[in-house]
Amino acid sequence: MLTTTTIKVLEPGELDEALAVLDRDPVANAFVAARVQIAGLDPWRLGGEMWGWYADGRLRSLCYAGANLVPVCATTEAVRGFAERARRQGRRCSSIVGPAGPTAALWSLLEPTWGPAREIRAHQPLMVTRTPSTEVAPDPYVRRIRKDEMDVIMPACVAMFTEEVGISPLAGDGGLLYQARVAELVGAGRSFARIEDGRVVFKAEIGAATQQACQIQGVWVAPERRGQGLSETGMAAVLRYALSDVAPTASLYVNDFNTAARASYRRVGFEEVGAFMSVLF
């Protein structure tokens, strides 16, 4: 039987259809779902286009095309369609990120014209928990960052980003966009830290958040305080906030080579349920 397939930019009136696709995997799709729930599908508000892959008149797969290129519930055929559209449009994103299988397939099709990448992280375990471990006591000194503490939290955020991504978030626009994002999380009550003598020694944020799942990100310990257990007790504290105040499921993804972090997250209650992949430009 012949099937009719097409790919197009979703319009605001197709929000319910898009949310239905995103709801198929609330954890893996938390980043895109959170943006769509806040901004809808208008490209200006969303910060990018939402591409839809249709088969037999039904929306089957999505791809968020903004600062990141993110395949969502993407079938093999959808990946080919998204790659073709991305090639024609030219690279506008700073990374491709998403579930490892579709992301790897997407990159294999885009690499001949978009490559080489600055760095490829082919296997980043996706970790999830709904119940924190009772073995690690939350750090009582980890708390929400106040709006008047932006000057305290920013140096730690910049250090974390530079260490994790390999470039400074202050490059290009002087850090205006990055500072706005940090301020957004602080304002939403989703930025947490332990501060000693006016300096951050542990920090983490709850980034993407929907009613079903939230994603913890930006976990960082000051270099001179590493190896002292701050990441475990700090994460236990952030996890308590996440599960009680934000969503019933918390997730994160971590580089596979960071064995210490993976062990730490397992001790506070996370388990590996899948993998992400990131292609950085």
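Our structure is the block above this text.
What you see is a predicted model; the values in this text were computed from it and never measured. (Residues numbered from 1 in each chain as written. Predicted model: local features only at pLDDT ≥ 70, side-chain atom pairs only at ≥ 80, totals over all residues. Heavy atoms only, no water.)

## Things to note about the nonpolar core
The biggest cluster of nonpolar side chains holds 28 residues, and the ones touching the most others in it are Ile-216, Met-235, Val-238, Ala-250, Tyr-265 and Phe-270. Those elements that provide at least two residues to this core are strand E9 (199-209), strand E10 (214-221), helix H8 (230-246), strand E11 (250-253) and helix H9 (259-267). Of the residues forming this core, the biggest block, 9 residues, is contributed by H8. In terms of nonpolar packing, the next biggest core, distinct from the first, is built from 25 residues, Leu-22, Val-36, Leu-46 and Val-72 among them. (Core = buried A, V, L, I, M, F, W, Y, C linked by side-chain atoms within 4.5 Å. Buried < 20%, exposed > 50% of the residue type's maximum accessible area, 1.4 Å probe, protein only. Helix = DSSP H or I, 4+ residues; strand = E, 2+ residues; numbered from the N terminus.)

## Regarding the side chain of Asn-255
Counting through the fold element by element, Asn-255 comes out in the loop between E11 and H9. Here the side chain of Asn-255 touches Gln-124 through a polar contact of 2.9 Å, side chain to side chain. Other than its neighbours up to four places away in sequence, Asn-255 contacts Arg-121, His-123, Gln-124, Pro-125, Glu-164 and Arg-262. (Polar contact = N/O pair within 3.5 Å; in protein donor to acceptor, adjacent residues only side chain to side chain. Contact = heavy atoms within 4.5 Å.)

## Let's talk about the pattern of salt bridges
Side chains that carry opposite charge are capable of pairing whenever their charged atoms lie near each other. Applying the stated criterion to the full structure yields 18 salt bridges. Across the salt bridge formed by Lys-203 and Glu-205, the nearest N and O atoms sit 2.7 Å from each other. The salt bridge partner of Glu-232 is Arg-267, with a shortest N-O separation of 2.4 Å. Taken as a pair, Glu-232 in helix H8 and Arg-267 in helix H9 lie far apart in primary sequence, 35 residues in all. Look at Glu-232 and you get buried, because its relative accessible area is 17%. Accessibility expressed as a relative area gives 40% for Arg-267, which makes it partly exposed. Each of the salt bridges in this network shares a partner with another, and the network as a whole consists of Asp-139, Arg-194, Glu-196 and Arg-225. (Salt bridge = Lys/Arg side-chain N within 4 Å of Asp/Glu carboxyl O.)

## Examining the sheet that holds E11
If you trace the 12 strands from one edge of the open sheet to the other, you get E1-E2-E3-E4-E5-E12-E6-E11-E10-E9-E8-E7, paired in mixed fashion. Of all strands in the sheet, those bounded by a partner on one side alone are strand E1 (5-9) and strand E7 (143-144). As paired strands, E1 and strand E2 (residues 49-55) are joined by 5 bridges and run antiparallel to one another. Its bridge partner lying in E2, Ile-7 is registered against Trp-53. Here helix H6 (residues 150-165) sits on the sheet in contact with strand E6 (119-129), strand E8 (191-196), E9, E10 and strand E12 (271-280), set at roughly 70 degrees to E9. (Pairing = 2+ DSSP bridges. Axes fitted to C-alpha atoms, helices over the stretch in contact; angles between N-to-C directions.)

## A closer look at the side chain of Ser-191
One can find Ser-191 in strand E8. Not counting residues up to four positions away in its chain, the partners in contact with Ser-191 are Arg-143, Arg-144, Ile-145, Ile-153, Leu-185, Val-186, Ala-204 and Glu-205.

## Side note on the packing of helix H4 (residues 76-89) against helix H5 (residues 100-114)
One can describe the packing of H4 onto H5 by two numbers: an axis separation of 9 Å at closest approach and a directional angle of 30 degrees. Considering the angle they form, H4 stands roughly parallel to H5. Remark: the crossing between H4 and H5 carries right-handed chirality. Along the contact surface, H4 presents Val-79, Arg-80, Phe-82, Ala-83, Ala-86 and Arg-87, while H5 presents Pro-102, Ala-105, Leu-106, Leu-109, Leu-110, Thr-113 and Trp-114. A breakdown of the residues in the contact of H4 with H5 according to their chemical character gives 10 nonpolar, 1 polar and 2 charged. (Parallel < 35°, antiparallel > 145°, perpendicular 65-115°, else oblique. Left-handed = near helix turned anticlockwise from the far one by under 90°. Nonpolar A, V, L, I, M, F, W, Y, C, P; charged D, E, K, R; others polar.)

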